[in-house]
Amino acid sequence: MKPIIAVNYKAYYPYSFGENALRIARDAKRVWEETGVEVILAPPFTEIYRVLKEVEGSGVKVFAQHADPVEPGAVTGYIPVEGLKEAGVHGVILNHSEHRLKIADINALIIKARRLGLKTLACADVPETGAAIALLKPDMIAVEPPELIGTGVSVSKAKPEVITNSVSMIRSVNKEALILTGAGITTGEDVYQAVKLGTIGVLVASGIVKAKDPYSVMKDMALNALKAVS
Ligand code: G3P
(Lines give C-alpha, C1' and ligand atoms only; values in the text may rest on other atoms or scores of the structure.)
Protein backbone atom coordinates (compact mmCIF):
# COMPACT_ATOMS: atom_id res chain seq x y z
CA MET A 1 0.00 0.00 0.00
CA LYS A 2 1.36 3.43 -0.98
CA PRO A 3 1.80 5.92 1.86
CA ILE A 4 -0.18 9.16 1.71
CA ILE A 5 0.94 12.74 2.24
CA ALA A 6 -2.14 14.99 2.36
CA VAL A 7 -1.49 18.72 2.33
CA ASN A 8 -4.16 20.98 3.74
CA TYR A 9 -3.41 24.48 2.44
CA LYS A 10 -5.89 26.03 4.94
CA ALA A 11 -6.14 29.78 4.22
CA TYR A 12 -2.70 31.08 5.11
CA TYR A 13 -1.99 34.37 3.38
CA PRO A 14 -0.08 34.67 1.14
CA TYR A 15 1.07 31.02 1.27
CA SER A 16 -2.18 29.27 0.32
CA PHE A 17 -3.20 31.50 -2.56
CA GLY A 18 -2.30 32.54 -6.11
CA GLU A 19 1.22 31.79 -7.32
CA ASN A 20 2.13 30.24 -3.96
CA ALA A 21 -0.71 27.74 -4.31
CA LEU A 22 0.59 26.79 -7.76
CA ARG A 23 4.14 26.44 -6.53
CA ILE A 24 3.04 23.89 -3.94
CA ALA A 25 1.10 22.08 -6.68
CA ARG A 26 4.22 21.91 -8.89
CA ASP A 27 6.29 20.72 -5.94
CA ALA A 28 3.72 18.03 -5.14
CA LYS A 29 3.79 16.86 -8.76
CA ARG A 30 7.56 16.54 -8.61
CA VAL A 31 7.42 14.60 -5.34
CA TRP A 32 4.79 12.27 -6.78
CA GLU A 33 6.89 11.71 -9.93
CA GLU A 34 10.07 11.11 -7.95
CA THR A 35 8.69 8.91 -5.15
CA GLY A 36 5.34 7.46 -6.25
CA VAL A 37 3.88 8.43 -2.86
CA GLU A 38 0.19 9.34 -2.98
CA VAL A 39 -0.03 13.13 -2.65
CA ILE A 40 -3.33 14.85 -1.90
CA LEU A 41 -3.64 18.63 -2.06
CA ALA A 42 -6.50 20.52 -0.41
CA PRO A 43 -6.30 24.13 -1.59
CA PRO A 44 -8.83 26.83 -0.67
CA PHE A 45 -12.02 26.78 -2.80
CA THR A 46 -10.76 29.80 -4.76
CA GLU A 47 -7.65 27.91 -5.90
CA ILE A 48 -9.18 24.56 -6.80
CA TYR A 49 -9.55 25.25 -10.50
CA ARG A 50 -5.97 26.39 -11.12
CA VAL A 51 -4.42 23.80 -8.83
CA LEU A 52 -6.31 21.09 -10.71
CA LYS A 53 -4.98 22.45 -14.01
CA GLU A 54 -1.45 22.54 -12.64
CA VAL A 55 -1.44 18.87 -11.56
CA GLU A 56 -3.36 17.60 -14.59
CA GLY A 57 -1.91 14.40 -16.03
CA SER A 58 -0.16 13.49 -12.78
CA GLY A 59 -1.21 11.23 -9.93
CA VAL A 60 -1.62 14.14 -7.51
CA LYS A 61 -5.18 14.28 -6.16
CA VAL A 62 -7.03 17.46 -5.31
CA PHE A 63 -9.55 17.59 -2.46
CA ALA A 64 -11.79 20.40 -1.23
CA GLN A 65 -11.25 21.47 2.38
CA HIS A 66 -14.94 21.18 3.28
CA ALA A 67 -18.44 20.63 1.94
CA ASP A 68 -21.63 21.99 3.40
CA PRO A 69 -24.55 19.71 4.27
CA VAL A 70 -26.91 21.46 1.83
CA GLU A 71 -28.71 20.60 -1.37
CA PRO A 72 -27.90 22.76 -4.41
CA GLY A 73 -30.24 25.72 -4.72
CA ALA A 74 -30.90 28.92 -2.80
CA VAL A 75 -28.00 28.50 -0.33
CA THR A 76 -25.86 31.61 -0.76
CA GLY A 77 -22.22 31.10 0.19
CA TYR A 78 -22.54 27.38 0.86
CA ILE A 79 -20.76 24.65 -1.11
CA PRO A 80 -22.81 21.54 -1.90
CA VAL A 81 -20.95 18.34 -2.82
CA GLU A 82 -22.46 18.56 -6.31
CA GLY A 83 -20.57 21.83 -6.90
CA LEU A 84 -17.30 20.23 -5.86
CA LYS A 85 -17.92 17.33 -8.22
CA GLU A 86 -18.49 19.82 -11.02
CA ALA A 87 -15.25 21.63 -10.15
CA GLY A 88 -13.41 18.36 -10.80
CA VAL A 89 -12.01 17.52 -7.37
CA HIS A 90 -11.18 13.93 -6.49
CA GLY A 91 -12.45 14.18 -2.95
CA VAL A 92 -13.32 16.28 0.05
CA ILE A 93 -12.14 16.75 3.64
CA LEU A 94 -14.99 16.59 6.14
CA ASN A 95 -15.19 17.64 9.79
CA HIS A 96 -11.80 19.30 10.06
CA SER A 97 -11.24 20.64 13.61
CA GLU A 98 -11.45 24.13 12.18
CA HIS A 99 -14.72 23.38 10.36
CA ARG A 100 -16.69 20.84 12.33
CA LEU A 101 -19.88 19.13 11.25
CA LYS A 102 -22.63 17.26 13.10
CA ILE A 103 -22.30 13.48 12.94
CA ALA A 104 -25.59 13.19 11.01
CA ASP A 105 -24.25 15.67 8.45
CA ILE A 106 -20.94 13.82 8.15
CA ASN A 107 -22.92 10.66 7.43
CA ALA A 108 -25.09 12.33 4.78
CA LEU A 109 -22.08 13.97 3.14
CA ILE A 110 -20.13 10.69 2.99
CA ILE A 111 -23.12 8.96 1.39
CA LYS A 112 -23.57 11.75 -1.15
CA ALA A 113 -19.86 11.96 -1.97
CA ARG A 114 -19.76 8.20 -2.54
CA ARG A 115 -22.78 8.41 -4.85
CA LEU A 116 -21.05 11.15 -6.85
CA GLY A 117 -17.75 9.26 -7.03
CA LEU A 118 -15.80 11.52 -4.68
CA LYS A 119 -13.45 10.24 -1.97
CA THR A 120 -13.86 11.39 1.62
CA LEU A 121 -11.20 12.19 4.21
CA ALA A 122 -12.98 12.63 7.53
CA CYS A 123 -11.19 14.20 10.49
CA ALA A 124 -11.53 13.46 14.18
CA ASP A 125 -10.07 15.06 17.29
CA VAL A 126 -9.56 11.97 19.46
CA PRO A 127 -9.42 8.20 18.85
CA GLU A 128 -12.99 7.67 20.14
CA THR A 129 -14.44 10.16 17.66
CA GLY A 130 -12.30 8.58 14.98
CA ALA A 131 -13.90 5.21 15.72
CA ALA A 132 -17.40 6.73 15.70
CA ILE A 133 -16.72 8.30 12.31
CA ALA A 134 -15.15 5.05 11.07
CA LEU A 135 -18.61 3.46 11.34
CA LEU A 136 -19.75 5.86 8.62
CA LYS A 137 -17.17 4.36 6.25
CA PRO A 138 -15.27 7.34 4.86
CA ASP A 139 -12.35 6.38 2.59
CA MET A 140 -9.82 7.95 4.97
CA ILE A 141 -9.85 9.06 8.59
CA ALA A 142 -7.34 11.54 10.01
CA VAL A 143 -7.07 11.85 13.78
CA GLU A 144 -5.57 15.20 14.79
CA PRO A 145 -5.37 16.41 18.40
CA PRO A 146 -6.54 20.04 18.07
CA GLU A 147 -4.19 21.31 20.78
CA LEU A 148 -1.17 20.38 18.62
CA ILE A 149 -2.45 21.77 15.32
CA GLY A 150 -0.19 24.51 13.98
CA THR A 151 2.26 24.22 16.89
CA GLY A 152 5.12 22.43 15.14
CA VAL A 153 5.04 19.91 18.01
CA SER A 154 4.11 16.69 16.29
CA VAL A 155 1.46 14.23 17.38
CA SER A 156 3.92 11.41 16.63
CA LYS A 157 6.38 12.69 19.22
CA ALA A 158 4.12 14.40 21.77
CA LYS A 159 1.15 12.01 21.74
CA PRO A 160 2.07 8.72 20.10
CA GLU A 161 -0.69 7.03 22.13
CA VAL A 162 -3.26 9.07 20.17
CA ILE A 163 -2.02 7.34 17.03
CA THR A 164 -1.85 3.82 18.44
CA ASN A 165 -5.25 4.14 20.14
CA SER A 166 -6.77 5.57 16.96
CA VAL A 167 -5.46 2.67 14.91
CA SER A 168 -6.80 0.02 17.29
CA MET A 169 -10.17 1.69 17.89
CA ILE A 170 -10.79 2.44 14.22
CA ARG A 171 -9.69 -1.03 13.13
CA SER A 172 -12.11 -2.63 15.60
CA VAL A 173 -15.05 -1.18 13.67
CA ASN A 174 -13.67 -0.63 10.17
CA LYS A 175 -11.04 -2.83 8.51
CA GLU A 176 -10.72 -0.84 5.33
CA ALA A 177 -10.50 2.89 6.03
CA LEU A 178 -7.08 4.37 5.45
CA ILE A 179 -5.89 5.87 8.73
CA LEU A 180 -3.93 9.12 8.78
CA THR A 181 -2.81 11.37 11.56
CA GLY A 182 -1.85 15.01 11.75
CA ALA A 183 -1.09 18.03 13.94
CA GLY A 184 2.32 19.60 14.25
CA ILE A 185 3.91 17.33 11.64
CA THR A 186 6.95 19.18 10.28
CA THR A 187 9.73 16.72 9.50
CA GLY A 188 10.34 13.47 7.70
CA GLU A 189 11.07 11.91 11.08
CA ASP A 190 7.55 12.88 12.29
CA VAL A 191 6.09 11.10 9.28
CA TYR A 192 8.33 8.07 9.76
CA GLN A 193 7.09 7.67 13.33
CA ALA A 194 3.44 8.21 12.39
CA VAL A 195 3.64 5.43 9.82
CA LYS A 196 5.60 3.14 12.13
CA LEU A 197 2.84 3.61 14.71
CA GLY A 198 0.32 2.17 12.26
CA THR A 199 -1.00 4.92 9.99
CA ILE A 200 -0.68 5.00 6.22
CA GLY A 201 0.30 8.65 6.19
CA VAL A 202 -0.26 12.17 7.41
CA LEU A 203 -2.40 15.26 7.00
CA VAL A 204 -0.09 18.29 7.14
CA ALA A 205 -0.62 22.03 6.83
CA SER A 206 1.80 24.65 8.18
CA GLY A 207 4.90 22.44 8.02
CA ILE A 208 4.61 22.35 4.23
CA VAL A 209 2.47 25.33 3.27
CA LYS A 210 4.52 27.87 5.24
CA ALA A 211 7.90 26.27 4.56
CA LYS A 212 10.59 28.23 2.68
CA ASP A 213 11.01 25.25 0.39
CA PRO A 214 7.83 23.13 0.38
CA TYR A 215 9.38 20.73 -2.14
CA SER A 216 12.25 19.67 0.17
CA VAL A 217 9.91 19.18 3.12
CA MET A 218 7.40 17.17 1.07
CA LYS A 219 10.13 15.07 -0.50
CA ASP A 220 11.71 14.32 2.87
CA MET A 221 8.29 13.34 4.26
CA ALA A 222 7.57 11.12 1.25
CA LEU A 223 10.92 9.34 1.49
CA ASN A 224 10.48 8.77 5.21
CA ALA A 225 6.97 7.43 4.69
CA LEU A 226 8.35 4.97 2.13
CA LYS A 227 11.14 3.95 4.49
CA ALA A 228 8.58 3.30 7.23
CA VAL A 229 6.38 1.03 5.10
CA SER A 230 9.26 -0.98 3.62
O1 G3P B 1 -5.31 19.56 8.47
C2 G3P B 1 -4.02 19.60 8.93
C3 G3P B 1 -3.90 20.13 10.27
O4 G3P B 1 -4.97 20.62 10.92
C5 G3P B 1 -2.61 20.11 10.93
O6 G3P B 1 -2.11 21.40 10.83
O7 G3P B 1 -0.33 23.06 10.71
O8 G3P B 1 -0.30 21.33 12.50
O9 G3P B 1 0.16 20.67 10.15
P10 G3P B 1 -0.56 21.61 11.07
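Residues numbered from 1 in each chain as written. Predicted model: local features only at pLDDT ≥ 70, side-chain atom pairs only at ≥ 80, totals over all residues. Heavy atoms only, no water.

1. A closer look at the overall build of the chain
Part 1 of the argument: The secondary structure content of the chain amounts to 10 helices and eight strands.
Part 2 of the argument: Its C-alpha atoms give the chain a radius of gyration of 16 Å, near enough to 17 Å, the size a compact globule of 230 residues would have.
Part 3 of the argument: In terms of overall dimensions, the chain has a C-alpha envelope of 45 × 40 × 30 Å along the principal axes.
Part 4 of the argument: The buried share of the chain, taken over its 230 residues, is 53%.
Part 5 of the argument: Looking at the chain as shown, the accessible area adds up to about 10,000 Å², and 55% of this sits on carbon and sulfur atoms. (Helix = DSSP H or I, 4+ residues; strand = E, 2+ residues; numbered from the N terminus. Rg over C-alpha atoms; globule rule 2.2 N^0.38 Å. Buried < 20%, exposed > 50% of the residue type's maximum accessible area, 1.4 Å probe, protein only. Areas by Shrake-Rupley, 256 points an atom, 1.4 Å probe, with all protein chains shown as cover.)

2. Considerations on the packing of helix α1 (residues 18-35) against helix α2 (residues 48-55)
When two helices pack together, you describe them by how their axes are tilted relative to each other and by the distance separating the axes.
Part 1 of the argument: One way to put it is that α1 packs onto α2 with a least axis distance of 9 Å and a crossing angle of 30°. Relative to α2, α1 is oriented roughly parallel. Here α1 runs over α2; the crossing is right-handed. Here α1 contributes G18, A21, L22, A25, R26 and K29 to the contact with α2, which in turn contributes R50, V51, E54 and V55.
Part 2 of the argument: Split into classes, the residues belonging to the contact of α1 with α2 amount to five nonpolar, one polar and four charged. (Axes fitted to C-alpha atoms, helices over the stretch in contact; angles between N-to-C directions. Parallel < 35°, antiparallel > 145°, perpendicular 65-115°, else oblique. Left-handed = near helix turned anticlockwise from the far one by under 90°. Contact = heavy atoms within 4.5 Å. Nonpolar A, V, L, I, M, F, W, Y, C, P; charged D, E, K, R; others polar.)

3. Observations regarding the nonpolar core
Part 1 of the argument: In this structure, I5, L41, V191, I208 and M221 are the most contacted members of the largest nonpolar core, which totals 64 residues.
Part 2 of the argument: In terms of residue count, the dominant contributor to this core is helix α10 (residues 214-229) (seven residues).
Part 3 of the argument: The residues contacting I208, other than those within four sequence positions of it, are I5, V7, P214, V217, M218 and M221.
Part 4 of the argument: Residues I4, I40, C123 and M140 belong to the second largest nonpolar core, which totals 13 residues. (Core = buried A, V, L, I, M, F, W, Y, C linked by side-chain atoms within 4.5 Å.)

4. Focus: the packing of aromatic side chains
Part 1 of the argument: The tally for this structure, following the rule as stated, stands at one aromatic pair.
Part 2 of the argument: Lying over the aromatic face of Y215, R30 brings its terminal NZ or CZ to 3.6 Å of the ring centre.
Part 3 of the argument: Between K227 and the ring centre of Y192, over which it is positioned, the NZ or CZ distance is 5.0 Å. (Phe/Tyr/Trp six-rings, centres within 6.5 Å; stacked < 30°, edge-to-face > 60°. Lys NZ or Arg CZ within 6 Å of the ring centre and 35° of its normal.)

5. A word on the site of the ligand
Part 1 of the argument: Around the ligand, the surrounding shell consists of N8, K10, H96, E144, I149, G150, A183, G184, L203, V204, A205 and S206.
Part 2 of the argument: Measuring from an oxygen atom of the ligand, one finds a side-chain N or O atom of K10 at 2.9 Å.
Part 3 of the argument: The side chain of E144 places a nitrogen or oxygen atom 3.1 Å from an oxygen atom of the ligand.
Part 4 of the argument: Starting from 300 Å² of accessible surface for the ligand in isolation, the protein chains cover 100%.
Part 5 of the argument: When its residues are assigned to classes, the shell around the ligand shows five nonpolar, five polar and two charged. (Near = heavy atom within 4 Å. Polar contact = N/O pair within 3.5 Å; in protein donor to acceptor, adjacent residues only side chain to side chain.)

6. Section: the UniProt feature "active site" (unreviewed entry) in the chain
Part 1 of the argument: Mapped onto the present numbering, the UniProt feature "active site" (unreviewed entry) falls on H96 and E144. The named residues occupy 49 residues along the chain; their greatest pairwise C-alpha distance, 8.8 Å, places them in one compact cluster.
Part 2 of the argument: Counting through the fold element by element, H96 comes out in the loop between β4 (91-94) and α4 (103-116).
Part 3 of the argument: With respect to the helices and strands, the residue E144 is situated in the loop between β6 (140-143) and α6 (155-158).
Part 4 of the argument: The class of E144 is buried, set by a relative accessible area of 5%.
Part 5 of the argument: Contacts of E144, omitting those with residues within four sequence positions, involve H96, S97, A124, D125, I149, G182, A183 and L203.
Part 6 of the argument: Here the side chain of E144 touches H96 through a polar contact of 3.3 Å, side chain to side chain. (UniProt positions renumbered as here; feature names shortened; annotations may be inferred.)

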